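Summary of structural features
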Amino acid sequence: MDEHPRRSRRAAAARGEGAAARVPRRLRVALPAVLILVWLAAAAVGGPYFGRVDEVSSNDRTAYLPETAEATEVQERLEGFTEGDAIPAVVVFAADRELTPDDVAAIQERLDAAARLDVVGGEPSPALPSEDGEAVQAFVPLDGAADLGDATAELRGALAEDLPDGVELYVTGPAGFTSDLVGAFAGIDGLLLGVALAAVLVILVIVYRSILLPLAVLTTSMFALCVALLVVWWLAKAGVLLLSGQTQGILFILVIGAATDYALLYVARYRDELVRTPRKWTATLRALRGSLEPIVASGGTVIAGLLCLLLSDLRSNSALGPVAAIGIAFAVLAALTLLPAVLLALGRAAFWPRRPAYDPRAPEPGEGGGLWARVGGWIARRPRTIWIVTAAVLAIGCVGVTQLQASGVPQSELVLGASEARDGQRVLGEHFPAGSGSPASVIAPEDELQDAAEVLLAEDGVEEVSVVIDRAGRTAPVTEDGIQAFGPPGTPAPEPVVADGRVLLQATLADAADSAAAEDTVRSLRASFANAVPDALVGGVTATDVDTNDASIRDRTLIVPLVLAVILVILMLLLRSVLAPVLLVATTVLSFGTAMGVAGVVFQHVLRMPGADPAVPLFGFVFLVALGIDYNIFLMSRVREESLVHGTREGVQRGLRLTGGIITSAGLVLAATFTALSVIPVLFLVQIAFIVAFGVLLDTFVVRSLLVPALATDIGRAIWWPSRLGRGEP
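Residues numbered from 1 in each chain as written. Predicted model: local features only at pLDDT ≥ 70, side-chain atom pairs only at ≥ 80, totals over all residues. Heavy atoms only, no water.

1. Things to note about the overall build of the protein
- When helices and strands are tallied, the protein shows 22 helices and 10 strands.
- Judged by the C-alpha coordinates and their principal axes, the protein covers about 110 × 50 × 45 Å.
- Expressed as a percentage of the 730 residues in the protein, the buried residues total 56%.
- Long-range contacts, defined as pairs at least 24 residues apart, comprise 81% of the intrachain contacts of the protein with a sequence gap of at least 6.
- Counting only carbon and sulfur atoms, one obtains 59% of the accessible surface of the protein, whose full area is about 29400 Å².
- Side chains of the protein carry 54 positive and 77 negative charges; the gap between the two charge centres is 30 Å. (Helix = DSSP H or I, 4+ residues; strand = E, 2+ residues; numbered from the N terminus. Buried < 20%, exposed > 50% of the residue type's maximum accessible area, 1.4 Å probe, protein only. Contact = heavy atoms within 4.5 Å. Areas by Shrake-Rupley, 256 points an atom, 1.4 Å probe, with all protein chains shown as cover. Lys, Arg positive; Asp, Glu negative; His and termini not counted. Charge placed at Lys NZ, Arg CZ, Asp CG, Glu CD.)

2. Structural notes on the pattern of salt bridges
- Taken as a whole and assessed by the stated rule, the structure comprises 21 salt bridges.
- Notably, a salt bridge pairs glutamate 293 with arginine 576, separated by 3.6 Å at the nearest N-O pair. On the criterion of sequence distance, the pair formed by glutamate 293 in helix 10 (residues 280–307) and arginine 576 in the loop between helix 18 (541–575) and helix 19 (579–606) is long-range, its members being 283 residues apart.
- Assessed through its relative accessible area of 42%, glutamate 293 is described here as partly exposed.
- A relative accessible area of 42% places arginine 576 in the partly exposed class. (Salt bridge = Lys/Arg side-chain N within 4 Å of Asp/Glu carboxyl O.)

3. Quick notes on the pairing of strand 3 (residues 135–142)
- Counting buried positions over the 8 residues of strand 3 gives 7, a clear majority of the element.
- Bridging between strand 1 (residues 87–94) and strand 3 involves 8 bridges; their strand directions are antiparallel. Across the sheet, residue valine 91 finds its bridge partner in strand 3, namely alanine 138.
- Alignment of strand 2 (residues 128–129) against strand 3, held across 2 bridges, turns out to be antiparallel. Bridge pairing in strand 3 links leucine 128 to glutamine 137.
- Hairpin connection, strand 2 to strand 3: the antiparallel pair is bridged by 5 residues, and glycine 133 has positive phi, about 75°. (Pairing = 2+ DSSP bridges.)

4. Comments concerning the side chain of serine 591
- Within the fold, serine 591 resides in helix 19.
- In this structure serine 591 touches Gly695, Leu698, Asp699 and Val703, once residues within four positions along its chain are discounted.

5. Considering the packing of helix 20 (residues 615–646) against helix 22 (residues 683–715)
- Closest axis-to-axis distance for the helix 20/helix 22 pair is 9 Å, and the angle between their directions is 30°. Classed by the angle they form, the pair helix 20 and helix 22 counts as roughly parallel. Handedness of the helix 20/helix 22 crossing: right-handed. Counted together, Ala615, Val616, Phe619, Gly620, Phe623, Leu624, Gly628, Tyr631, Asn632, Leu635 and Met636 of helix 20 and Phe684, Gln687, Ile688, Ile691, Val692, Gly695, Val696, Asp699, Thr700, Arg704, Val708 and Pro709 of helix 22 form the full contact between these two elements.
- The residue inventory of the contact of helix 20 with helix 22, partitioned by class, reads 15 nonpolar, 6 polar and 2 charged. (Axes fitted to C-alpha atoms, helices over the stretch in contact; angles between N-to-C directions. Parallel < 35°, antiparallel > 145°, perpendicular 65-115°, else oblique. Left-handed = near helix turned anticlockwise from the far one by under 90°. Nonpolar A, V, L, I, M, F, W, Y, C, P; charged D, E, K, R; others polar.)

6. Here's the deal with unusual backbone geometry
- The step from tryptophan 352 to proline 353 runs through a cis peptide bond, and the omega angle for that step is 10°.
- Relative to the elements of secondary structure, proline 353 occurs in the loop between helix 12 (338–346) and helix 13 (371–381).
- Cis rather than trans, the peptide bond between tryptophan 721 and proline 722 has omega equal to 5°.
- Mapping proline 722 onto the fold places it in the segment after helix 22.
- In this model, aspartate 162 sits at a positive phi of 55°, which is unusual for a non-glycine residue.
- In this structure, aspartate 162 sits in the loop between helix 5 (148–160) and strand 4 (168–172).

7. Some words on the sheet that holds strand 1
- Taken in spatial order, the 4 strands of this open sheet run 2-3-1-4, and their pairing is antiparallel. The two strands at the open ends of the sheet, each matched to only one other strand, are strand 2 and strand 4.
- Examined bridge by bridge, strand 1 and strand 4 share 5 bridges and lie antiparallel to one another. Each bridged residue has a counterpart across the sheet, and for valine 91 the counterpart in strand 4 is valine 171.

8. Quick word on the nonpolar core
- Judged by nonpolar contacts, the single largest core of 150 residues is most densely connected at Tyr262, Phe623 and Phe674.
- Ranked by residue count, the leading element in this core is helix 20, at 18 residues.
- Among all residues touching phenylalanine 623, those that are not within four sequence positions of it are Ile250, Leu254, Leu306, Leu320, Gly628, Phe674, Ile688 and Val692. (Core = buried A, V, L, I, M, F, W, Y, C linked by side-chain atoms within 4.5 Å.)

9. Details of a nonpolar patch on the surface
- There is a patch of nonpolar side chains on the surface, built from Leu201, Val205, Ile211, Leu215 and Trp352 and spanning about 430 Å² of accessible area.
- For isoleucine 211, the position within the fold is in the loop between helix 7 (188–208) and helix 8 (212–237). (Patch = residues over 30% accessible without salt bridge, like charges linked within 9 Å, V, L, I, M, F, W, Y side chains within 5 Å.)

10. With respect to the environment of valine 91
- Along the chain, the position of valine 91 falls in strand 1.
- Along the sequence, valine 91 and alanine 512 sit 421 residues apart, while their C-alpha atoms lie 16 Å from each other.
- Setting aside anything within four residues of it in sequence, one finds valine 91 in contact with Val136, Gln137, Ala138, Val140, Leu155, Leu159, Leu169 and Tyr170.

11. Considerations on helix 16 (residues 449–457)
- For helix 16, the set of buried residues is Leu449, Ala452, Ala453, Val455 and Leu456. Down the axis of helix 16, the buried set is contained in an arc of 155°. They therefore lie on one face.
- In the core, the buried residues of helix 16 are packed alongside strand 5 (440–445), strand 6 (462–468), strand 7 (475–479), strand 8 (482–483), strand 9 (502–509) and helix 17 (516–532). (Arc of directions from axis to C-beta.)

So far we have only geometry, and geometry alone does not tell us how the molecule works.
See the structure below:
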């Protein structure tokens, strides 16, 4: 039995030597040189785009809503009632004493001065004192074409000059919170990349105990990222794709992690072949032949999973799908072209100081001892006990999913750490109605203005109602008696702005615009309007949150089973089996459930987080399942290869010995790259970083190392049912 596989492999090696010898020597030199030059030129063009992503990206949540969402329709219709595309900043001046008339006059002077700034896109509202006399608020429209982070900073600087003693200034509202997000994402190009690359470099140096090889692998990853970013940038410029700071960060991490994982698989094959053949060209061809199928299958699985996001109602999700898929495609391409070319050029020197020497008496791959041989032996002795105990522990971890509160988080909690906008909203709520600065926008037919106003006034969660009376954004209060006049009795009431036969009402909410109570108010208003004023539309900051959360929940329900179905089909085609793919998908889902359960406990009871966005479970699922299947493919494709020669149970042992180190290294690299996402102080990214990093490590050290090999060993050749291999046929 032992002689047959040796003869077959030696025959294959001889055929490989013959094929390599037939390739002209000039081509052996020219082909890798051309590949390296092409990648170098493409990366040189794409590299400078790292500093230009903000030119084609947007962090405005409304821009990513479904076209059919009510808040989206309101946002589109607002252009008919206001001038330009200004973004409102709510400015709050507060003191721990009652403000004097002189204080209010000084504040008004600062507002008048700010009106002359280039970044201000309209006339600020007059200073409005609070009922307790300790605060003043005003609305300043910022030019939507300006850089919002710089515009907010410039406005703050102008308003802070010569303020009365003891008066504190806060810039909050939509402009303030968006500025916070812009500032949080400012570290993506430098800090995020630096941390991710440094973490990967340390792991690669430890794994390879080499200098040149880690640099070659990292160069492959960075070149893939440069070219992917170049393509994505121009597609976003052309309006084909939507790009945000969040999508950009995930793209960086996915490409670096995936390209490095694929490189690890190729390098392992190449090193084995350098021991078995004296010629580096032959070693390259054999390594490519052995790694092509699992790398393409792995990349194809991730791409297929990501492209399922195209069915998302939220454009932030549907945009991530193709952006990340483009990144993975270039990661696969770089791992199969650039890296082999670089390693062919370097030869054995790439592994210095531990160069692999040619040894014709070296044992066949999969033979010998080591850690993974001992793990395989332990699994072979007690496979059923191991998989039952492992599955039970993972199932217990899934119970923590009940602690995951993924129904949405307030906008004020999106950015971690210090936030002037968050502090300003808190101060605003102490002195004014909590929803001041971010009113609900209601567009209603002109002839039903009063009916719409009465619906708003009857709602407990609404404090005040007004109607827009000019295109500069000025409003007049509306009561049960109609639009109120400015001035002494007898002054005629102002006329509202009418656009396409509709008027714009603004409802100041009693609760903070990003609170759960405010969302309940919006839902209640929509239900009331459906009966009283069917043509009325409710939009604004709170309505955007409501529609975003609803779309995210719908996306989860649709996309999760679709991703599973797509991955299952790919695995069936790769492994020529039905039972094995079903079991592999089941173990991946179990691993995902455990990761989410642990995350739920950690977020709620350890880190005391305010909850999670509904998209967090969806993104966690897509990344963990798609990337976790990579390790299934690495392991089981090699197990199948070995099973064809040695039988299933021996094939599992050999496959585990051959891929255990690769999968462990790949898991550490991917976990480290996703952990780097946590340096960006955005709640969503920090949560995704934890879920994916923990889930990948769980997959690496428990599922792929114990559960899957134990299951395959216990089931035996029947795991390949209904293929010929499952029936024991050659």
